[in-house]
Amino acid sequence: MRSAILGRLIVGALAGPAALAPRLLVAQGDRPAPRLVVKAGHLLDVRTGQWTDNAFIVVAGDRIVSVGSTPPPGSLPVVDLSGSYVLPGLIDAHVHINDEPQLRGPDYHAASAARFAILGVKNARKMIEAGFTAGRSLGNNYFSDVAVRDGINQGEIVGPRLQVSGPMVGGTGTHCDYTFLSPEFKYNDEGVADGAEGLIGKTRFAFKYGADWVKFCASGGVSGRGTLPDDIHLSFEEMKAIVDEAHRRRKKATAHAHGTEAIKLAIRAGVESIEHGSLLDDEAIRMLKEHNVALVVDLYNGEWIIAHGAENNFSAGSLARAKVLHPYAVASYKKALAAGVNIVFGTDAGTMPHGLTGRQFATYVENGMPALMAIQTATIRAAELLGWSDRIGTVEPGKFADLIAVKANPLTEPNTLAAVTFVMKGGEVIKLR
């Protein structure tokens with residue numbers, strides 16, 4: 001026993017802290033680091049809401065080396081954003097990078113792994129060009145999200161820094177068992193099993209093939225059929241088994257949970273975040289705060305489905321559920337906001353179109369959130385949830401040079417965050433309009 005423990009300690013010491021950290025994008029190769037300066041007309045400190053006018057951000061390689069009001073000495077290439085408002089790159093903590101709204105029902109099952117991967121390449125570019133330089137993709141079949149993440153990390157495709165979950169984990173007939181096939185096919189989605197042991201196996205399966213998180217379905221949802229959003233889809237013992245397995249692997253767990261009781265069970269099981277959280281009572285809100293669980297709220301997604309779902313293959317049942325659920329989701333968001341719950345920005349993009357996600361900032365603000373807090377949900381709060389506060393979320397020396405710019409002040413015009421004009425990721429200009 002002693003030698004086994006000693007062996008693990010030696011391996012950990014040799015690997016260093018990075019072995020215990022989430023997967024991240026690293027600088028590629030040994031080529032000399034380019035140096036440049038970004039001149040910001042107005043630079044936002046997302047912690048305080050203060051603007052620095054005529055700021056100079058010096059970039060070496062993929063990192064910020066200095067931020068100040070004085071031009072750096074010497075002659076360096078300048079990206080001139082004098083007429084713009086500059087912020088750190090945004091973070092969307094809930095997307096489906098390989099999904100499209102139109103892929104409903106049988107069309108979803110007709111899509112191959114290769115097709116999902118191609119959609120992921122397209123959507124990764126849409127996501128980053130919308131100003132989201134990092135995010136979390138929660139639930140895609142065939143590990144297509146792992147392929148996209150790894151392609152981005154290797155510099156083979158353009159996209160945001162991603163953490164991914166691989167297939168969603170859940171029981172037979174739950175929201176995670178997204179099938180419209182007839183019983184003769186005897187088909188379950190690849191993350192589906194029953195009982196604690198079966199779900200532990202599916203969690204291990206996800207981590208074996210590269211998942212950073214496990215996402216499980218605690219409740220029903222809007223999409224699919226045969227379930228309701230407030231259905232409880234796993235027992236507490238099943239949820240706890242999934243979460244404990246994730247934590248044994250030094251990974252994190254999140255729960256798709258609309259319904260009140262499913263939310264409470266998932267929190268008791270030890271998740272790091274709740275996705276959606278549409279039906280919150282006072283006890284659920286108190287538990288979110290006491291257990292420091294993030295609430296990832298996709299408020300704009302409900303608006304989009306109600307307005308555009310019919311023309312995008314959403315079934316009559318899905319549309320009906322969305323119309324009933326959305327007012328409750330808005331009310332729950334307002335209650336959570338008033339209580340000081342840690343709300344984190346997530347859009348469920350893939351259920352709604354990628355590229356439109358910046359519209360959610362205005363939705364947050366219209367429903368009572370201060371504009372600065374809305375920006376914080378997609379910067380410092382999201383970075384903390386991902387475990388990446390040491391590298392993204394603010395414009396500070398030592399952080400990745402992930403920057404965006406808009407033409408108007410987002411503290412007074414949050415809609416401007418839906419029209420990002422400049423994107424830099426790791427010191428490389430992705431978009432300049």
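Residues numbered from 1 in each chain as written. Predicted model: local features only at pLDDT ≥ 70, side-chain atom pairs only at ≥ 80, totals over all residues. Heavy atoms only, no water.

Caption draft 1: Structural view of helix α6 (residues 236–248). Between the first and last C-alpha of α6 there are 18 Å, a value that for 13 residues agrees with the 18 Å anticipated at 1.5 Å per step. Looking only at α6, the buried set comprises Glu238, Met239, Ala241, Ile242, Val243, Glu245 and Ala246. Where the residues of α6 are buried, they touch α5 (195–208), β8 (213–217), β9 (252–257) and α7 (260–269). Immediately beyond the C-terminal end of α6, within one or two residues, lies Arg250, with a positive phi of roughly 55°. (Helix = DSSP H or I, 4+ residues; strand = E, 2+ residues; numbered from the N terminus. Expected span 1.5 Å × (residues − 1). Buried < 20%, exposed > 50% of the residue type's maximum accessible area, 1.4 Å probe, protein only. Contact = heavy atoms within 4.5 Å.)

Caption draft 2: How the structure looks around the sheet that holds strand β5 (residues 90–95). Across the sheet, which stays open at both edges, the 3 strands sit in the order β5-β6-β7 with parallel pairing between neighbours. Two strands close off the open sheet at either side, each with one partner strand: β5 and β7 (161–164). Pairwise comparison of adjacent strand axes, ignoring direction, gives a mean angle of 15° for this sheet. Direction of pairing for β5 relative to strand β6 (residues 132–137): parallel, over a ladder of 4 bridges. Residue pairing for β6: Ile91 is matched across the bridge by Ala134. Across the face of the sheet, helix α3 (residues 113–129) comes into contact with β5, β6 and β7 while running at roughly 130° to β6. Lying over the sheet, helix α4 (residues 144–153) contacts β6 and β7, oriented at roughly 150° with respect to β7. (Pairing = 2+ DSSP bridges. Axes fitted to C-alpha atoms, helices over the stretch in contact; angles between N-to-C directions.)

Caption draft 3: The arrangement of unusual backbone geometry in detail. Unlike most non-glycine residues, His276 shows phi in positive territory, near 85°. Here His276 shows up in strand β10 (residues 273–276). The exposure class of His276 is buried, given its relative accessible area of 6%. If you check the backbone angles, Asn292 has positive phi at about 55° while not being a glycine. Mapped onto the secondary structure, Asn292 falls in the loop between α8 (282–290) and β11 (294–297).

Caption draft 4: Highlighting the sheet that holds strand β14 (residues 422–425). Pairing within the open sheet is mixed, and its 7 strands lie in the order β3-β2-β1-β4-β13-β14-β15. One side of each edge strand has no neighbouring strand; the edge strands of this open sheet are β3 (63–68) and β15 (428–432). Adjacent strand axes in the sheet meet at a mean angle of 35° when their direction is disregarded. Pairing of strand β1 (residues 35–44) with strand β2 (residues 51–60) involves 9 bridges; the strand directions are antiparallel. Its bridge partner being in β2, Lys39 is matched across the sheet by Phe56.

Caption draft 5: Examining empty space enclosed by the protein more closely. Here the structure, examined in full by the defined rule, presents 1 cavity of 30 Å³ or more. Taken as a whole, the largest cavity holds about 590 Å³ of empty space. When residues of the lining of the largest cavity are traced back to their parent elements, those giving at least two are α9 (299–308) and α10 (316–339). Of the residues in the lining of the largest cavity, the class split is 13 nonpolar, 17 polar and 7 charged. (1 Å grid on protein atoms, 1.4 Å probe; cavity = no way out; pocket = protein on both sides within 12 Å on 5 of 7 lines; lining within 4 Å. Points joined across faces, edges and corners; volume = space filled by probe spheres on them. Nonpolar A, V, L, I, M, F, W, Y, C, P; charged D, E, K, R; others polar.)

Caption draft 6: Representation of the nonpolar core. Core analysis: the largest hydrophobic core is formed by 71 residues, its most contacted members being Phe216, Val271, Ile274 and Tyr364. Here the element with the most residues in this core is α7; it accounts for 6 residues. When neighbours within four sequence positions are excluded, Phe216 is seen to be in contact with Val169, Cys176, Leu234, Met239, Ile242, Val243, Thr254, Ala255, His256, Ala266 and Val271. Leu43, Leu81, Val395 and Leu403 belong to the second-largest nonpolar core, a separate cluster that totals 17 residues. (Core = buried A, V, L, I, M, F, W, Y, C linked by side-chain atoms within 4.5 Å.)

Caption draft 7: Broad picture of the packing of α7 against α8. One way to put it is that α7 packs onto α8 with a least axis distance of 10 Å and a crossing angle of 25°. By the criterion of interaxial angle, the relationship of α7 to α8 is roughly parallel. Here α7 runs over α8; the crossing is left-handed. For the pair α7 and α8, the contacting residues are Ile263, Lys264, Ile267 and Arg268 in the first and Glu283, Ala284, Met287 and Leu288 in the second. Of the residues belonging to the contact of α7 with α8, the class tally is 5 nonpolar, no polar and 3 charged. (Parallel < 35°, antiparallel > 145°, perpendicular 65-115°, else oblique. Left-handed = near helix turned anticlockwise from the far one by under 90°.)

Caption draft 8: Geometry of the side chain of Asp348. Note on placement: Asp348 falls in the loop between β12 (343–345) and α11 (360–366). The side chain of Asp348 is buried and forms no salt bridge, while Lys215, the nearest opposite charge, is found at 5.5 Å. Asp348 has contacts with His94, His96, His276, Asp298 and Asn301, leaving out every residue within four places of it along the chain. (Lys, Arg positive; Asp, Glu negative; His and termini not counted. Salt bridge = Lys/Arg side-chain N within 4 Å of Asp/Glu carboxyl O.)

Caption draft 9: Molecular detail of α10. Look at α10: 35 Å from first C-alpha to last across 24 residues, which is about the 34 Å you get at 1.5 Å a residue. Along its length, α10 reaches its greatest deviation from straightness, about 35°, at Leu325, and the proline Pro327 lies no more than four positions downstream. All of the buried residues in α10 are Ser318, Leu319, Arg321, Ala322, Leu325, His326, Ala329, Val330, Ser332, Tyr333, Ala336 and Leu337. In the stretch just after α10, Gly340 is the one whose phi turns positive, near 85°. (Bend = angle between axes of the 7 residues up to and from the residue.)

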